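Examining the three-dimensional arrangement
Here's the letter readout for the chains.
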Amino acid sequence: MPSQPNMRTSGSLRVAVVGAGIVGLSTALEIRARGAEVAVYDSGVELGAGATMRAAGMLGAAFDWALEADQRAMAALARHAGMLWPDFAARIERLAGAGLEFSKEGALVVARSEEEASWLGTLAAACQARNLPVQRLSADEVRRADPALSGNLVGGLMLPEDRQVDAQIALQRLGAALSRSGVGLRLGRKVERIVGGQVFLMPDGEKFDRVVLATGAGALPAFVGPRGAPLEHGLVATVPVKGQILALAPVDGGPRHVTHTRDVYIAPKSRWVLIGATSERGRADTTVDPDKIAALRARASEIAPSLANAPEVTAWAGIRPGTPDDAPMIGQTAIPGVFAALGHYRNGVLFAPATAELVADQVIDGKVSPLAAAFDPLRFDKLSEAPHSPAQEN
Ligand SMILES: Cc1cc2nc3c(=O)[nH]c(=O)nc-3n(C[C@H](O)[C@H](O)[C@H](O)COP(=O)(O)OP(=O)(O)OC[C@H]3O[C@@H](n4cnc5c(N)ncnc54)[C@H](O)[C@@H]3O)c2cc1C
């Protein structure tokens, strides 16, 4: 791992964050809270150019990771992030002066057949093995927990710590929280080239001691030395994973909880009900396929019949920033003073407060925790495991 450049006192440290998605903004907030001066650059003229604005906002530490026996570090990161979220949401709300629709309701997972019920048993056992709270529900208990769900379901689970937030609102609130904390938001500024040396020179002429790359699925800036020679950051490019999602108008008596099956989820917000999502690895376009959207609605209506006739508000596609092993890249790159907060794939909303903490530990304190070490951004030349392939995507 490359060494840190000489550390100045954090009060005078100047940090540039490239990328104003939920990962970049959360990291900027944490670094600012630890006393540094921070500016965030984004190519979008307003917040929301990237995946965060297209996310379902589920914070599914148990549903997404309990079953991944070979992904201990990811499960630990997910659990840690899930535990940080209540305080993180409260802190943003306090700073922004408005809430982000963080809901503590818990998520349901339901079975449509005996085969799926057996899979639920496996998921429940995996949660218990990881000390993640889980309650088994009979078919009647599922209906009592959420009367909008179909009477044909054969059983379910309640995951009380799998919460949700409105990701789009959270991003806006984070932006407001940063402005009120004195962080400069430099929107409409694509960063294509950074000159490294004793300090980092941004295209607008501003100088920083540290740079955090949080560009999601976007292209990384090139780094050059003071005489124009390329500087190698050692990062691999992120892998685009397209996801399409449908937003329906809320209906009377509609579902209240995040509800998963193995192949669809329903995430009800106050302004719409999100149904997701496709997973199209290697695709970076944002066209919406009406057949795929219709298939999502059909699956969701099977578990919540009132959604069959709910008016469509909109549908969209976003690009998840994957990596070769689908774990994020968190930590210092091969250029001392340049840090990655990249590759958050299908869990960037969930992971954001944990990534912010791990990156700030390194940027401000030069401390790499054992959890962060598992996400070393320079690990890929050492990769030998098979790529990870989840059953259902956020
Ligand atoms: C359909 C769908 C559903 C999802 N649902 C969930 C969910 O329920 N829960 C969950 O946790 N996650 C979910 N995700 C994943 C989540 O959206 C991402 O992991 C997360 O948003 C990544 O955040 P980010 O800040 O890294 O990237 P982004 O939000 O993409 O932000 C990156 C920013 O960097 C900017 N940028 C890029 N390059 C440059 C440059 N060179 N110069 C300046 N700016 C630049 C972009 O304009 C963009 O604003 C979902 C994703 C999709 C597509």
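Residues numbered from 1 in each chain as written. Predicted model: local features only at pLDDT ≥ 70, side-chain atom pairs only at ≥ 80, totals over all residues. Heavy atoms only, no water.

1. So, the domain arrangement of the chain
Which entries qualify depends on this criterion: Where a domain begins and ends is set by an automatic assignment or by a domain database. Here, two residues are considered to be in contact whenever any of their heavy atoms come within 4.5 Å of each other. Just to be clear on terms, a salt bridge is a Lys or Arg side-chain nitrogen sitting within 4 Å of an Asp or Glu carboxyl oxygen. Contacts described as polar in this section are N or O atom pairs within 3.5 Å, which, within protein, must combine one atom able to donate a hydrogen with one able to accept it, while residues neighboring in sequence count only if both atoms come from side chains. Where helices and strands are cited, they refer to DSSP runs of H or I of at least four residues and of E of at least two residues respectively, numbered from the N terminus.
Assigned domains of the chain: these are domain 1 (1-103 + 162-237 + 324-394) and domain 2 (104-161 + 238-322). Between the C-alpha centres of domain 1 and domain 2 the distance comes to 27 Å. Residue-level contacts link 43 residues of domain 1 with 45 residues of domain 2. Here Arg-271 and Asp-166 are joined by a salt bridge, their closest N and O atoms 2.9 Å apart. At the junction of domain 1 and domain 2, the tally comes to 19 residue pairs in polar contact (both at pLDDT 80 or more). If you list the elements that add at least two residues to the side of domain 1 that touches domain 2, you get strand E3 (58-59), helix H2 (61-65), helix H3 (72-96), strand E7 (163-164) and helix H6 (167-180). At four residues, H3 tops the list of elements feeding residues into the side of domain 1 that touches domain 2.

2. Digging into the site of the ligand
Short version of the rule: For this description, a residue counts as near a given molecule or strand if any of its non-hydrogen atoms is within 4 Å of it. Method for areas: the Shrake-Rupley scheme with a 1.4 Å probe, in which residue coverage is limited to the protein chains shown.
Looking at the ligand, there are 38 residues lining it, with Asp-42, Ala-51, Thr-52, Met-58 and Tyr-345 nearest. Arg-346 is positioned with one of its backbone polar atoms (N or O) 3.0 Å from a nitrogen atom of the ligand. In isolation the ligand offers 1000 Å² of accessible surface; the protein chains occlude 97% of this area. In terms of residues, the shell around the ligand owes the most to one element, helix H8 (residues 348-365), which gives three residues.

3. Notes on the side chain of Glu-30
To keep it simple, the criterion reads: The buried label applies to any residue whose accessible area, calculated with a 1.4 Å probe on protein chains only, is under 20% of its type's maximum; exposed applies above 50%, and partly exposed to all values in between.
Of note, Glu-30 is situated in helix H1 (residues 22-33). Given the relative accessible area of 16%, Glu-30 is considered buried. Apart from the residues within four sequence positions on either side, Glu-30 is in contact with Arg-91, Ala-356, Glu-357 and Ala-360.

4. Quick look at the packing of aromatic side chains
To keep it simple, the criterion reads: Pairing of aromatic side chains here covers Phe, Tyr and the six-membered ring of Trp, requires ring centres within 6.5 Å, and sorts the geometry by plane angle: under 30 degrees stacked, over 60 edge-to-face, intermediate tilted.
One pass over the structure, following the stated rule, counts six aromatic pairs. Aromatic side chains Tyr-41 and Phe-208 sit 6.1 Å apart centroid to centroid with 85° between the ring planes, which places their arrangement in the edge-to-face category. Within this pair, whereas Tyr-41 is found in strand E2 (residues 37-42), its partner Phe-208 is found in strand E11 (residues 207-208), the two being separated by 167 residues in sequence. Aromatic pair Trp-85 and Phe-102: ring centres 5.9 Å apart, planes at 15°, arrangement stacked. Separated by 17 residues along the polypeptide, Trp-85 in helix H3 and Phe-102 in the loop between H3 and strand E4 (107-111) bring together distant segments of the chain. In this pair, the class of Trp-85 matches that of Phe-102, namely buried. Taken together, the ring pairs connect Trp-85, Phe-88 and Phe-102 into an aromatic cluster.

5. Side note on the environment of Thr-333
Counting through the fold element by element, Thr-333 comes out in the loop between strand E21 (329-332) and strand E22 (338-342). Each C-alpha atom of the pair Thr-333 and Leu-378 lies 6.6 Å from the other, and the pair is 45 residues apart in sequence. In terms of polar contacts, Thr-333 uses its side chain to reach the backbone amide nitrogen of Ile-335, at 3.1 Å.

6. Comments concerning the packing of H3 against H8
Put simply, the rule is: Every axis in this analysis is a line fitted to C-alpha atoms, fitted for helices over the stretch in contact. Angles between the N-to-C directions lie between 0 and 180 degrees. Roughly parallel refers to an angle under 35 degrees, roughly antiparallel to one over 145, roughly perpendicular to one between 65 and 115, and oblique to any angle outside these ranges. Under this grouping Gly is polar, as are all residues other than the nonpolar Ala, Val, Leu, Ile, Met, Phe, Trp, Tyr, Cys and Pro and the charged Asp, Glu, Lys and Arg.
Taken N-terminus to C-terminus, the directions of H3 and H8 make an angle of 90°; their axes are 7 Å apart at the nearest point. Comparing their axes, H8 and H3 come out roughly perpendicular. Contacts from Met-74, Leu-77, Ala-78, His-80, Ala-81, Gly-82, Leu-84, Trp-85 and Phe-88 of H3 reach H8 at Val-349, Leu-350, Phe-351, Pro-353, Ala-354, Glu-357 and Leu-358. Grouping the amino acids of the contact of H3 with H8 by side-chain chemistry returns 13 nonpolar, two polar and one charged.

7. Points about the packing of H1 against H3
Each pair of packed helices gets described by two things: the angle between the helix axes and the distance between those axes. Their axes nearest at 13 Å, the elements H1 and H3 cross at an angle of 80°. Classed by the angle they form, the pair H1 and H3 counts as roughly perpendicular. Touching Ile-22, Ser-26, Leu-29, Glu-30 and Ala-33 of H1 are Trp-85, Phe-88, Arg-91, Ile-92 and Leu-95, all from H3. A per-class count over the contact of H1 with H3 returns seven nonpolar, one polar and two charged.

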